[in-house]
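This is what each chain is made of:
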Amino acid sequence: MSRTWLQRLQHSIAVNDALALAVARENLRRLYFAAAFAVAFDLIHILVFWLNLQGSTPEYDDWRLDIITIHATVAVLFSGLGLPAWLASRSQHTTPLWFMNLLSILASAILLGFGIAITGADQQVTSSITPFLMASVGAALIILTRPRHAITLYILALGAFEVTMTLTQTTPELRLSNQMGGLTICGIGLILSLILWHGHVRNLRQREFLRQQRLELEEKNRQLEYLAGHDPLTGLFNRRQFDQLVGMELSRVSRQPAPVSLLMVDLDHFKFINDRYGHPLGDEVIRHAASLLRNYTRSGDSVARLGGEEFLLLLPDAGHAQAHSIAEKIRKLLEETPLPMKDGLLYLTASFGIATLEAGIPSTYELLYAAADKALYRAKASGRNRVEVIEVGAQMGTFD
């Protein structure tokens, strides 16, 4: 049981440490607003007590002067605290955490000290300890204080209050009553501080959890969008995405006449590789070929895996000669870049079929695809490891 309690305590401390920066920034925001309010509050009290609208007696004058002095002191302290809090809030990303925590602790200590001082001064005219109650609750409400700091502050406040009552309340019965009341007030303030701290930490954790969930959901959506348009084995475009790209390119060249070519690639003797070396090596061959196609084509070209060992390339602004040059470069590169294996090198070749649509000639994707497929068949029939080109004619449905 003790080990479980210790583990929970360590976990709680770790959570508090993780959220310390967020809490410190929230305290800064609260602090400079509270400081402005406290200064105005103190100035109003100073004015009212200075005007002395209720008449004057020697005892009354001493008490009134004490109250004015306490409010003036607190106004000065909160002015000195509010300015650095405001400056720190404007540069909170560079303000050290320890400094932000120090400002928060000082604010709580000033509030508690103010309540004790006012209560001590009030003992000249009344036995009420209401100012200490208000200060204890206010410190808990305004400043989010870590549990260990809150316990320390309220213990010190209780000690200071007990000493103050001993020095200012001469009636033993009233002194004892006030001292016990001070114990209760510190307990209320501490419990309220702990409740508000854990509530705020819980809200921060929930917000962080929701933020993480949102980020994970966005990442999953990006992955789904990627998978919807890409081949999982090679990372190339899949047929669906490639068809959309070709459609967009044909729409573009119909408005702004320019040549376009469709290149179909088929690895030679791929079935033999699969049968002899197994499908895992076959996958490596496909990835190897895909990498070469992706890395050694132009930046504006689109590469897709058609399926199996077949690939498609869209070559914008590439006529007959340029498309043939690109295909020949890739053919030689593939031929001269063997795939390393455990027992040696695997040399690969591929056949290339190109369908070329010159600028200003209307056509469809279906016609381009059929022409590229026919050119690929010619390359295969002519001995493989070669490039064949078919130009799509001016009239729909004709090949040159």
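See above for the structure.
Basis of the calculations
Per chain, the residues get numbers from 1 upward, laid out in the order the sequence is written. Given that the model is predicted, a residue must reach a pLDDT of at least 70 before its local features are reported, and side-chain atom pairs must reach 80 or more before they are shown or counted; all residues, however, enter totals for whole chains, interfaces and linings. Derived side-chain values reflect all non-hydrogen atoms in the structure, with water molecules and hydrogen atoms excluded from consideration. Put simply, a nonpolar core is a bunch of buried Ala, Val, Leu, Ile, Met, Phe, Trp, Tyr and Cys residues held in one set by side-chain atoms that sit within 4.5 Å of each other. Each residue's exposure class comes from its accessible area (1.4 Å probe, protein chains only) as a fraction of the maximum for that residue type: buried when under 20%, exposed when over 50%, partly exposed otherwise. Only runs of H or I of at least four residues qualify as helices and only runs of E of at least two qualify as strands under DSSP, and these elements are numbered from the N terminus. In this analysis, two residues are considered to be in contact whenever any of their non-hydrogen atoms come within 4.5 Å of each other. Salt bridges are defined as contacts in which a side-chain nitrogen from Lys or Arg sits within 4 Å of a carboxyl oxygen from Asp or Glu.

Engineer: How do you make sense of the nonpolar core when you look at a structure like this?
Structural biologist: Inside soluble globular proteins, nonpolar side chains tend to come together where they are buried. By size, the foremost hydrophobic cluster in this structure holds 41 residues, and its most contacted members are Leu31, Phe78 and Leu81. Of all the elements in the fold, those that place two or more residues in this core are helix H2 (20-51), helix H3 (58-90), helix H4 (97-122), helix H5 (130-142), helix H6 (147-168) and helix H7 (172-229). Excluding its chain neighbours within four sequence positions, the residues that come into contact with Phe78 are Ala35, Ala38, Val39, Ala107, Ile110 and Leu111. Of all hydrophobic cores here, the second largest spans 32 residues; its members include Ala290, Leu313, Leu339 and Met341.

Engineer: What should I look at first to understand the pattern of salt bridges in this one?
Structural biologist: Close approach of charged atoms allows side chains of opposite charge to pair. For the coordinates displayed, the defined rule picks out 18 salt bridges. Taking the shortest distance from any N to any O, the salt bridge between Arg29 and Glu26 comes out at 2.7 Å. Of this pair, Arg29 and Glu26 both sit in helix H2, three residues apart, which is roughly one turn of the helix. Using a relative accessible area of 41% as the deciding quantity, one classes Arg29 as partly exposed. With a relative accessible area of 16%, Glu26 lands in the buried category. Between Arg305 and Asp231 there is a salt bridge, and its shortest N-O distance comes to 3.3 Å. With Arg305 in strand S2 (residues 302-307) and Asp231 in the loop between H7 and helix H8 (239-255), this pair connects stretches of sequence that are 74 residues apart. For Arg305, a relative accessible area of 15% puts it in the buried group. Under the relative-accessibility criterion, Asp231 is labelled buried at 11%. A single salt-bridge network, built from bridges that share partners, covers Glu26, Arg29 and Arg30.

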